[in-house]
Amino acid sequence: MSTGELNRRNLFRAGGVVAAGAAMSMVPGVSFAVPAPGAGQQTKTVTGTFRPDVPDWYYLPVDVPRGVKQIDVVYSYDKPSVPAGTRGNACDIGMFGPEGHELGTRRGFRGWSGGFRDRFSISAAEATPGYLAGPVTPGRWHVILGPYTVAPQGLNYRVDVTLTFGRDTSKPFQPNPAPETAPARDRGRSWYRGDSHLHTVHSDGKRTPEQLVADARAAGLDFIVSTDHNTSSSQLVWGDYATDDLLILNGEEVTTRSGHWPAIGVPAGTWIDWRYRAADPRDFRRFTDQVHRAGGLVTAAHPFANCFGCTYEFAYEIADLVEVWNGPWTPEDEASVTHWDGLLRGGRWIPAIGDSDAHNPDHTVALPHTVVQADRLGRAELLAGLKAGRSWLAESKDVQLGFSVSGAGRTAGIGGRLVAGIGTPVEVRAVVRGVPGTTVTFLDQLGPEHSETVPESGAATVTWTTYPRYSRWVRVEVRRPSGGPKTTTPNAMVAMSNPIFLGAADAG
């Protein structure tokens, strides 16, 4: 048994996931010798204490000899009482193999469970969700410990590492990624509904992949993006649960100590590192570039989420999308829309997206979701539509929205531009269905310009006339004064669009 006492910095939320810190800090490790013939298992234990000023990450070396067929890790830590308003103890865990644990070493990554599990297992045939099955090769492995929040008294931890020896006769794990098509839902150029921020048991969710597929289909979605925290493990099994009427895209919610940014639409098996902060902009750029090279998009998730490490602190100009609506409507979403609208008014448009971020069965999949115009139901086409802002956000599949502008004999839709002289009258038109008890509002860079109440039928056509001289762009919001599903927040969003731009391209 070895003991170490260490220090550290700041944090996120109990049972959550984490990231950051460039320094490679080590705790005392363990070394296993080749066992005597017939020995089945060996277990070794490491204990230690983290003080409140420790770095973000610690690595516990584990020297693994030949002849190991399975590695099991169990960890625990104390949770002393703390005064109200003081953060208690929370510690995350993961694993890197002998291929390396340096920043960005994809080959060495073997899994992550944050604070969601107290144990994991890895063998050639299978692994705990969140971890990657594969041979337990000899060499120096590293258990990664992330003291997420540390009580003033410190965090006392214990890690038990068990190696199982013997010849592994089980069939090696074979990846089975999701198919690249869902022909039963492909309608050619059309509007497609999708939820691009979802979790399963492969991180801190409580839905199995099979349950998530069932709930997404029931919600009327055409596609989903799987974004488990800091791991690629679920990307390798979606083919076991795929159907021909739901396209499943791969992703990862890159969960750092400076905020979360889902990487969406990446190839199966893509892992993006998360061990840096907003104060390390070159590292952030390095990994967003990795996502873009892989053909994916970067989302600034829940920018004003009120938990440590959740608020988005990175540069917005690097993001492709801003998640302005995350789950049931809250004041945090209102703040996100206001901030996004402020960026738009200042000439920096980053298309908006809405996602449910559903983790558990009581979280409603597709509340909200994004409706995107794409040439077909395919990864490249959907991502192109999202990046171009040809999209609007919806509370549910019952909500329908058509939004366009016309003038000088031309028409433009969401994400487009109507080229017209500054004195050309432009008709702004919204057609809504399935939204009783709501108000439709047109906005431009000056704020709300025109509103009408939708009748109890839930259907309405609302029009307003403006000029490019006065409106550089227009967008539409549909809100319900009484609130919305699973929220008591008044004036809840029911639908909103990305903007349509007016005038010459160099006019803003």
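What you see is a predicted model, and the numbers here were worked out from it, not measured in a lab.

About the cut-offs
Residues numbered from 1 in each chain as written. Predicted model: local features only at pLDDT ≥ 70, side-chain atom pairs only at ≥ 80, totals over all residues. Heavy atoms only, no water. Helix = DSSP H or I, 4+ residues; strand = E, 2+ residues; numbered from the N terminus. Buried < 20%, exposed > 50% of the residue type's maximum accessible area, 1.4 Å probe, protein only. Areas by Shrake-Rupley, 256 points an atom, 1.4 Å probe, with all protein chains shown as cover. Lys, Arg positive; Asp, Glu negative; His and termini not counted. Charge placed at Lys NZ, Arg CZ, Asp CG, Glu CD. Pairing = 2+ DSSP bridges. Contact = heavy atoms within 4.5 Å. Salt bridge = Lys/Arg side-chain N within 4 Å of Asp/Glu carboxyl O. Phe/Tyr/Trp six-rings, centres within 6.5 Å; stacked < 30°, edge-to-face > 60°. Lys NZ or Arg CZ within 6 Å of the ring centre and 35° of its normal. Core = buried A, V, L, I, M, F, W, Y, C linked by side-chain atoms within 4.5 Å. Arc of directions from axis to C-beta. pLDDT = per-residue confidence, 0-100.

## Comments concerning the overall build of the chain
Check the secondary structure of the chain and you find 4 helices and 30 strands. For the chain, the spread of C-alpha atoms along the three principal axes comes to 85 × 50 × 40 Å. The 508 residues of the chain split such that 56% are buried. As displayed, the chain has an accessible area near 19,200 Å², and 50% of this comes from carbon and sulfur atoms. Taken as two groups, the 49 positive and 52 negative side-chain charges of the chain have centres that lie 3 Å from each other.

## Describing the pairing of strand 29 (residues 492–497)
Of all the 6 residues making up strand 29, 6 are buried; the element is thus mostly covered by neighbouring parts of the structure. In terms of strand pairing, strand 28 (residues 473–480) meets strand 29 through 4 bridges, oriented antiparallel. The partner of Glu477 across the bridge, within strand 29, is Met496.

## Quick look at the side chain of Gln373
Looking at where Gln373 falls in the secondary structure, it is placed in strand 19 (residues 369–374). Setting aside its immediate chain neighbours within four residues, Gln373 contacts Arg189, Ser190, Trp191, Gly385 and Arg390.

## Observations regarding the pattern of salt bridges
Pairing is possible between side chains that carry opposite charge, provided their charged atoms lie close to one another. A complete count under the given rule lists 22 salt bridges for this structure. Linking Asp186 and Arg376 is a salt bridge whose minimum nitrogen-to-oxygen distance equals 3.8 Å. Within this pair, whereas Asp186 is found in the loop between strand 11 (155–165) and strand 12 (190–198), its partner Arg376 is found in the loop between strand 19 and helix 4 (379–387), the two being separated by 190 residues in sequence. Residue Arg217 pairs with Asp245 through a salt bridge whose shortest N-O separation is 3.0 Å. Of this pair, Arg217 sits in helix 1 (residues 209–218) while Asp245 is found in the loop between strand 13 (223–226) and strand 14 (247–256), placing the two residues 28 residues apart along the sequence. When its relative accessible area of 42% is taken as the criterion, Arg217 is described as partly exposed. Assessed through its relative accessible area of 18%, Asp245 is described here as buried. Beyond isolated ion pairs, a larger network of salt bridges with shared partners links Glu334, Asp341, Arg345, Arg475, Glu477 and Arg479.

## Overview of the packing of aromatic side chains
All chains considered together, the criterion is met by 23 aromatic pairs. Among the aromatic side chains, those forming a connected cluster through ring pairs are Trp261, Tyr276, Phe284, Phe287, Tyr312, Phe314 and Tyr316. In this arrangement the basic side chain of Lys44 is found over the ring face of Phe32, its NZ or CZ atom lying 5.3 Å from the centre. Taking NZ or CZ as reference, Arg257 lies 5.3 Å from the ring centre of Trp57, over its face.

## Describing the nonpolar core
Burial of nonpolar side chains together is a common tendency in soluble globular proteins. One finds Trp261, Trp274, Tyr312, Val324 and Met496 to be the most contacted residues of the largest nonpolar core, which totals 42 residues. In terms of residue count, helix 3 (residues 331–345) provides more of this core than any other element does, 4 residues in total. Tyr75, Met95, Leu155 and Val159 belong to the second-largest nonpolar core, a separate cluster that totals 34 residues.

## Brief notes about helix 4
Buried residues of helix 4: Leu382, Leu383, Gly385 and Leu386, and no others. Looking down the long axis of helix 4, one finds its buried residues gathered within 160 degrees of arc, a one-sided arrangement.

## Some details on the confidence of the model for the chain
On average, the chain scores 94 in pLDDT, and the residues at 70 or more come to 95%. Across the chain, the element-wise mean pLDDT spans from 34 in strand 1 (residues 2–8) up to 99 in strand 20 (residues 391–394). The model gives residues 1–22 a pLDDT under 50, and that stretch makes 121 contacts with residues more than four places away or in other chains.

## Points about the pairing of strand 6 (residues 68–77)
Two strands pair when backbone bridges link them, and strand 6 and strand 11 are joined in this way by 9 bridges, in the antiparallel orientation. Residue Tyr75 lies in a different strand from strand 11, and its bridge partner there is Val159. The sheet contact formed by strand 6 and strand 9 (residues 119–123) spans 5 bridges and is antiparallel. By the bridge assignment for strand 9, Val74 is matched with Arg119.

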